[in-house]
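Spelled out, the chains give:
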Amino acid sequence: EAYELLTLAQGAGGGIDWLSYGRTAIAPSNQDSYPHSEDVLIGMIRVAVDHFATTAPAQLEVIAARHQQSDRALFRRLALYALSKCDPTAADALLDRAVFRGWARDHWIRPEFYLLMSSHYAHASEEARMRFVAALRDDAWWGPEFDEHAGHARYSLSQKLHREAPGSEITATFAAEE
């Protein structure tokens, strides 16, 4: 509802989703150094998710389920931010979900996706990492728009994953080959 109020205040007429476009991260990022009016909403969202992480962790999955398929990119990033705060014991299922939902393809190098990888990738089994990396290595999985920008995002992600799980053989191979 607050999002809709901000949209009305901006005067959006069904065109661009100006808040998702203007605010690239819910997770803490360098964008916090240059606050704008929409940052009030971002701050409220971040505080709520962080509060649920310590007081009602089950709510994090509820938030993620509600927003992971939203038409608004900012809400899809909210889902990833909430999942990054979840218990990493379900890391295998989360990596499988990331492949199924195409999170790497849709969020490339967004802070929420990287935060999710930081909190869960090292806790996943080598088998789950193998499935995840296989999807990342498949140019067709990235879609018909796979180009040098997506290639660079895949390279950056390979390096990030290697830093998160340096002892993983599949991850080391992926990072070296990218």
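Anything mentioned here points back to the structure above.
Basis of the calculations
For every chain, the first residue of the written sequence is number 1, and numbering continues from 1 along that sequence. Local features in this predicted model are restricted to residues whose pLDDT is 70 or higher, and side-chain atom pairs enter the listing and the counts only when it is 80 or higher, whereas totals over whole chains, interfaces and linings include all residues. Here the side-chain values reflect all heavy atoms present in the structure, with hydrogen atoms and water set aside. Helix and strand labels come from DSSP, where a helix needs a run of H or I of at least four residues and a strand needs a run of E of at least two; each type is numbered from the N terminus. For every residue, the accessible area obtained with a 1.4 Å probe (protein chains only) is divided by the maximum for its type, and the residue is called buried under 20%, exposed over 50%, and partly exposed between those limits. A contact between two residues is defined here by any heavy atoms of the two lying within 4.5 Å. Note that accessible areas follow from Shrake-Rupley with a 1.4 Å probe, and for residues the cover is restricted to the protein chains shown. For this document, the term salt bridge refers to a Lys or Arg side-chain nitrogen within 4 Å of an Asp or Glu carboxyl oxygen. Throughout, nonpolar core names a set of buried Ala, Val, Leu, Ile, Met, Phe, Trp, Tyr and Cys residues whose side chains join them through atoms within 4.5 Å. Angles shown run from 0 to 180 degrees and are taken between the N-to-C directions of axes, each axis being a line fitted to C-alpha atoms and, for helices, limited to the stretch in contact. Orientation is classified from the angle alone, with under 35 degrees giving roughly parallel, over 145 giving roughly antiparallel, 65 to 115 giving roughly perpendicular, and any other angle giving oblique. Whether a crossing is left-handed or right-handed is set by the direction in which the near helix is turned from the far one by less than a right angle, anticlockwise for left-handed and clockwise for right-handed. All amino acids are sorted into three groups, where Ala, Val, Leu, Ile, Met, Phe, Trp, Tyr, Cys and Pro are nonpolar, Asp, Glu, Lys and Arg are charged, and the leftover types, Gly among them, are polar. Any two rings among Phe, Tyr and Trp, with Trp reduced to its six-membered ring, count as a pair given centres within 6.5 Å; such a pair is stacked if its planes are under 30 degrees apart, edge-to-face if over 60, and tilted if neither. For a ring to carry a charge above it, either NZ of a lysine or CZ of an arginine must fall within 6 Å of the ring centroid while also lying within 35 degrees of the normal to the ring plane.

**Thoughts on the overall build of the protein**
1) Next: When helices and strands are counted, the protein shows eleven helices and zero strands.
2) Next: Going residue by residue from the N terminus, the α and β elements of the protein occur as α-α-α-α-α-α-α-α-α-α-α.
3) Next: Burial statistics for the protein: of 178 residues in total, 44% are counted as buried.
4) Next: Contacts spanning at least 24 positions in sequence make up 61% of the contacts within the protein whose residues lie at least 6 apart.
5) Next: As displayed, the protein offers around 9,400 Å² of accessible surface, 56% of which is attributable to carbon and sulfur atoms.

**Details of the pattern of salt bridges**
1) Next: For the coordinates displayed, the defined rule picks out nine salt bridges.
2) Next: Across the pair Asp106 and Arg105 runs a salt bridge whose closest N-O atoms are separated by 3.9 Å.
3) Next: Note that Glu164 and Lys160 form a salt bridge whose closest N and O atoms lie 2.7 Å from each other. Separated by four residues within a single helix, Glu164 and Lys160 lie in helix H10 (residues 148–164), roughly one turn from each other.
4) Next: Take Glu164: its relative accessible area is 22%, and that puts it in the partly exposed class.
5) Next: Residue class for Lys160 comes out buried when judged on its relative accessible area of 10%.

**A closer look at the nonpolar core**
1) Next: Grouped together as the largest cluster of nonpolar side chains are 43 residues, with contacts concentrated most on Phe113, Met117, Phe132 and Leu136.
2) Next: Here this core takes eight residues from helix H5 (residues 73–84), the largest share from any one element.
3) Next: Beyond its immediate chain neighbours, meaning those up to four positions away, Phe132 contacts Leu95, Ala98, Val99, Phe113, Met117, Tyr121 and Leu161.

**Regarding the packing of helix H6 (residues 91–101) against helix H9 (residues 126–137)**
1) Next: Where H6 contacts H9, the axes come no closer than 9 Å and their chain directions differ by 15°. Taken together, the axes of H6 and H9 lie roughly parallel to each other. Crossing of H6 against H9: the hand is left-handed. Where H6 abuts H9, its residues Asp92, Leu95, Asp96, Ala98 and Val99 lie against Ala128, Arg129, Arg131, Phe132 and Ala135.

**A look at the packing of helix H3 (residues 39–55) against helix H4 (residues 58–67)**
1) Next: Packing of H3 against H4 leaves a shortest axis separation of 7 Å and a crossing angle of 140°. In terms of orientation, H3 and H4 fall into the oblique class. Of H4, the residues touching H3 (which contributes Val49, Phe52 and Ala53) are Gln59, Leu60 and Ile63.
2) Next: For the contact of H3 with H4, the class distribution of residues is five nonpolar, one polar and no charged.

**Quick notes on the environment of Ser84**
1) Next: Following the sequence through the fold, Ser84 ends up in helix H5.
2) Next: When the C-alpha atoms of Ser84 and Met117 are compared, they prove to be 7.7 Å apart, with 33 residues separating the residues in sequence.

**Let's talk about the packing of aromatic side chains**
1) Next: Applying the stated criterion across every chain yields a total of three aromatic pairs.
2) Next: Where Tyr121 meets Phe132, the ring centres are 6.1 Å apart and the plane angle is 55°; that geometry is what we call tilted. One end of the pair, Tyr121, is in the loop between helix H8 (111–120) and H9; the other, Phe132, is in helix H9, with eleven residues separating them in the sequence. For the pair formed by Tyr121 and Phe132, the shared burial category is buried.
3) Next: In this structure an aromatic cluster arises from ring pairing among Trp141, Trp142 and Phe146.
4) Next: If you follow Arg105 out to its NZ or CZ, it ends over the ring of Trp141, 4.7 Å from the centre.
5) Next: The residue whose ring lies beneath Arg129 is Tyr121, and the NZ or CZ to ring-centre distance is 5.5 Å.

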